[in-house]
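Read off the chains here:
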Amino acid sequence: MTTTHFFFIITTLLLSCHTLTGASDFVRPIDRSLLGLNKEEKVSHFKFYWHDILSGQNPTSVSVVTPPMTKINTTTAFGLVRMIDNPLTLGPKLNSKLVGRAQGFYASACQTEVDLLMAMNFAFIDGKYNGSSITILGRNAVFNKVREMPVIGGSGLFRFARGYAEARTHWLDLKSGDATVEYNVYVMHY
């Protein structure tokens, strides 16, 4: 081995070590208390009603992807995607107290049943939770009596949140597609 080869190997090894140690600079341990994680974790139960309005002058759910009629399964609407900005109210009537909005989308994700992929934030606008949100991502088998979907996170007072949501259809108009769904959300948070 020549001196040039030796110098090249040592330089390569040193640069590799520097690159490897430099690559970990983007992650470091952090004191949990800096993120508010030194508090005791709480479990909260939220109950509200989700209003999916497809009809009328001001729908809160609109199609953003509609499969071609030759490709669409007319019993499940497989491939259909709707963007939502649905009101969340304390009671089942649309005119009851507004506590937030469900913002996100749902998509028909099954060819044999009416199963939806739900991806939405429950963005609260009332009281202590104003400005905070809970994020839901999961399967909603629409015609099951009770559907369970995971809480995968949140923001504001719901940072590091986890839990689950239960959905029960309160009212459904099969002609218009409008629906009111009762949500019971159980959330662990700090």
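So, a few notes on the structure that sits alongside this text. The numbering scheme is per chain: residues are counted from 1 as the chain's sequence reads. Note on the predicted model: pLDDT of at least 70 is required for a residue's local features to be given, and 80 or more for side-chain atom pairs to be given and counted; whole-chain, interface and lining totals, by contrast, use all residues. The basis for the side-chain values is all heavy atoms of the structure; hydrogens and waters are excluded.

Some thoughts on the overall build of the chain
Inclusion rule: Where helices and strands are cited, they refer to DSSP runs of H or I of at least four residues and of E of at least two residues respectively, numbered from the N terminus. Per-residue accessibility, obtained with a 1.4 Å probe over protein chains only, is compared with the maximum for each type, and a residue is labelled buried under 20%, exposed over 50%, and partly exposed between these values. For the area figures, the Shrake-Rupley method with a 1.4 Å probe applies, and any residue is considered shielded solely by the protein chains shown.
Counting secondary structure elements, the chain contains one helix and nine strands. Residues classed as buried in the chain amount to 37% of the 190 residues present. As presented, the chain carries roughly 11,900 Å² of accessible surface, and 61% of it is formed by carbon and sulfur atoms.

Some words on a nonpolar patch on the surface
Test applied: Each patch is assembled from residues with relative accessible area greater than 30% and no salt bridge, linking like charges that lie within 9 Å and nonpolar side chains (Val, Leu, Ile, Met, Phe, Trp, Tyr) that lie within 5 Å. The salt bridge criterion pairs a side-chain nitrogen of Lys or Arg with a carboxyl oxygen of Asp or Glu, the two atoms within 4 Å.
A surface patch of nonpolar side chains, amounting to about 400 Å² of accessible area, comprises Ile30, Leu34, Leu35 and Phe160. Within the element layout of this structure, leucine 35 appears in the loop between α1 (3–23) and β1 (42–52).

Overview of the side chain of serine 61
Counted only if it meets this: A 3.5 Å cut-off defines polar contacts: any pair of N or O atoms within that distance qualifies, except that in protein one atom must be a possible hydrogen donor and the other a possible acceptor, and neighbouring residues in sequence count only when both atoms are side-chain atoms. By the convention used here, residues are in contact when the closest approach between their heavy atoms is within 4.5 Å.
Take serine 61: it is sitting in strand β2 (residues 61–65). Classification of serine 61 by relative accessible area gives buried; the value is 2%. A polar contact is formed between the side chain of serine 61 and the side chain of tyrosine 106, at a distance of 3.2 Å. Apart from the residues lying within four places of it in its own chain, the contact partners of serine 61 are Asp52, Ile53, Leu54, Arg82, Met83, Ile84, Asn86 and Tyr106.

A closer look at the nonpolar core
Put simply, the test is: The criterion is simple. A nonpolar core is a set of buried Ala, Val, Leu, Ile, Met, Phe, Trp, Tyr and Cys residues joined through side-chain atoms within 4.5 Å.
Core analysis: the largest hydrophobic core is formed by 27 residues, its most contacted members being Phe48, Trp50, Met120, Phe122, Ile134, Tyr183 and Val185. Elements supplying a minimum of two residues to this core: β1, β3 (81–89), β4 (98–108), β5 (115–124), β6 (133–141), β7 (147–155), β8 (162–172) and β9 (179–189). Of the residues forming this core, the biggest block, five residues, is contributed by β5.

A few points about unusual backbone geometry
In this structure, alanine 77 is a non-glycine residue whose phi angle is positive, near 55°. Examined against the element boundaries, alanine 77 turns out to sit in the loop between β2 and β3. Although it is not a glycine, phenylalanine 160 adopts a positive phi angle of roughly 65°. Inspection of the secondary structure assignment puts phenylalanine 160 in the loop between β7 and β8.

Some remarks on a positive patch on the surface
Definition in use: For the purpose of charge, His is not counted, nor are the chain termini; Lys and Arg are scored as positive and Asp and Glu as negative. To locate a charge, take NZ of a lysine, CZ of an arginine, CG of an aspartate or CD of a glutamate.
Residues Lys39, Lys42, Lys128 and Arg159 make up a contiguous surface patch of positive charge. If you trace the backbone, lysine 42 turns up in strand β1.

A short note on the pattern of salt bridges
Summed over the entire model, instances satisfying the criterion amount to five salt bridges. When the shortest N-O distance is used, the salt bridge between arginine 139 and aspartate 115 registers 2.7 Å. Taken together, the positions of arginine 139 in strand β6 and aspartate 115 in strand β5 put the pair 24 residues apart, joining distant regions of the chain. Residue classification places aspartate 115 among the buried residues on the basis of a relative accessible area of 5%.

Remarks on the packing of aromatic side chains
Keep this limit in mind: Any pair of Phe, Tyr and Trp rings, taking the six-membered ring for Trp, is counted once the centres come within 6.5 Å. Such a pair is stacked with planes under 30 degrees apart, edge-to-face with planes over 60 apart, and tilted for the rest.
Applying the stated criterion across every chain, the model contains 12 aromatic pairs. Centroid distance phenylalanine 48 to phenylalanine 122: 5.0 Å. Interplanar angle 80°. Geometry classified as edge-to-face. In this pair, phenylalanine 48 is assigned in strand β1 and phenylalanine 122 in strand β5, connecting sequence segments 74 residues apart. With a relative accessible area of 2%, phenylalanine 48 lands in the buried category.

Some words on the pairing of β5
For clarity, the threshold we go by: Strand pairing is assigned whenever DSSP identifies at least 2 bridges connecting the two strands.
Of all 10 residues in β5, eight are buried, a share of seventy percent or more. Where β4 hands over to β5, the hairpin turn is made up of six residues, counted between the paired strands.

So, the environment of alanine 165
Residue placement: alanine 165 occurs in strand β8. It is 6.7 Å that separates the C-alpha atoms of alanine 165 and valine 151, two residues lying 14 residues apart in sequence. Ignoring sequence-local partners within four residues, the contact set of alanine 165 consists of Ile136, Arg147, Glu148, Met149, Val151, Tyr183, Asn184 and Val185.

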